[in-house]
Amino acid sequence: KLPDSFSIEGPSWSPDGKFIAFSGGASAGKRQMFVYLYDVENGTEKTLTTEPFYDVNQIGWMPDGKSLVAITRQDGENRRRLYRVAFPGGEAARLTEDFYDYSIVSVARSANKFVTVAAEDEARIWKFDTQNNQILQITSGKNDSQGVA
């Protein structure tokens with residue numbers, strides 16, 4: 001059964017051209033997204049990932065065809081992380097554990113490498129003097145969504 005919602009951030013062809021990986025999930029009830037595979041030859045689809053994500057954004061097949069890299073977000077997280085998804089088993093392993101928010105992935109065709117865009121949030125505390133109309137930055141640091149780190 002096809003999911004009732006899909007990510008607009010791009011499907012990905014397998015290196016051998018036999019599958020198209022895409023993300024989708026259920027929009028009713030608790031949000032759960034998975035990586036799916038569409039079998040080009042027989043026109044069927046199946047769920048690849050064994051555990052749900054809150055979001056699955058961009059997906060890219062690694063050139064050896066043994067895994068995919070996916071930009072995902074777990075329920076309760078503010079940042080998107082990089083995961084490696086095994087093929088054909090579907091087990092997902094987190095590749096990143098940091099303050100960055102990942103948004104783009106591009107896989108090299110001839111090597112098991114990829115590039116990505118990582119954004120870093122900063123947070124600052126400012127003191128504003130209403131009598132003199134002056135503002136002064138008093139702290140800065142990485143924003144971990146729980147406070148200034």
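Our structure's up above, just so we're on the same page.
So, here is what we can say about the structure in this document.

## Section: the pairing of strand 4 (residues 32-39)
Of all 8 residues in strand 4, 6 are buried, a share of seventy percent or more. Both strand 3 (residues 19-26) and strand 4 contribute to a ladder of 8 bridges, which runs antiparallel. When the sheet's bridge partners are listed, G24 is paired in strand 4 with F34. Sheet topology places strand 4 next to strand 5 (residues 44-47); 4 bridges connect them, and they run antiparallel. Counterpart to Y38 in the pairing with strand 5 is E45. Linking strand 4 to strand 5, which pair antiparallel, is a turn of 4 residues; within it G43 sits at a positive phi near 70 degrees.

## Topic: the sheet that holds strand 8 (residues 81-86)
The strand order across the open sheet formed by 4 strands is 6-7-8-9, and the pairing between neighbours is antiparallel. Each edge of the open sheet is held by one strand with a lone partner, namely strand 6 (55-61) and strand 9 (92-94). Across the sheet, the mean angle separating the axes of adjacent strands is 30 degrees when strand polarity is ignored. Strand direction decides the pairing type here: strand 8 and strand 9, joined by 3 bridges, are antiparallel. Residue pairing for strand 9: V85 is matched across the bridge by A92.

## Let's talk about a nonpolar patch on the surface
Taken together, I125, L136 and I138 make up a surface patch of nonpolar side chains, about 270 Å² in accessible area. By the element assignment, L136 lies in strand 13 (residues 134-142).

## Examining the packing of aromatic side chains
Scanning all chains against the criterion turns up 6 aromatic pairs. Ring geometry for W61 against F87: centres 5.1 Å apart, planes inclined by 75 degrees, an arrangement best described as edge-to-face. Placement of the pair is W61 in strand 6 and F87 in the loop between strand 8 and strand 9, with a sequence separation of 26 residues. Site record: aromatic cluster; members linked through ring pairs are F19, W61 and F87. The ring of Y54 has R31 lying over it, and the distance from NZ or CZ to the ring centre is 5.1 Å.

## Let's talk about the environment of R124
Structurally, the position occupied by R124 is in strand 12 (residues 122-129). Linking R124 and S140, residues 16 residues apart in sequence, is a C-alpha distance of 4.3 Å. Setting aside anything within four residues of it in sequence, one finds R124 in contact with Q137, T139 and S140.

Criteria and cut-off values
Residues numbered from 1 in each chain as written. Predicted model: local features only at pLDDT ≥ 70, side-chain atom pairs only at ≥ 80, totals over all residues. Heavy atoms only, no water. Buried < 20%, exposed > 50% of the residue type's maximum accessible area, 1.4 Å probe, protein only. Helix = DSSP H or I, 4+ residues; strand = E, 2+ residues; numbered from the N terminus. Pairing = 2+ DSSP bridges. Axes fitted to C-alpha atoms, helices over the stretch in contact; angles between N-to-C directions. Patch = residues over 30% accessible without salt bridge, like charges linked within 9 Å, V, L, I, M, F, W, Y side chains within 5 Å. Areas by Shrake-Rupley, 256 points an atom, 1.4 Å probe, with all protein chains shown as cover. Salt bridge = Lys/Arg side-chain N within 4 Å of Asp/Glu carboxyl O. Phe/Tyr/Trp six-rings, centres within 6.5 Å; stacked < 30°, edge-to-face > 60°. Lys NZ or Arg CZ within 6 Å of the ring centre and 35° of its normal. Contact = heavy atoms within 4.5 Å.

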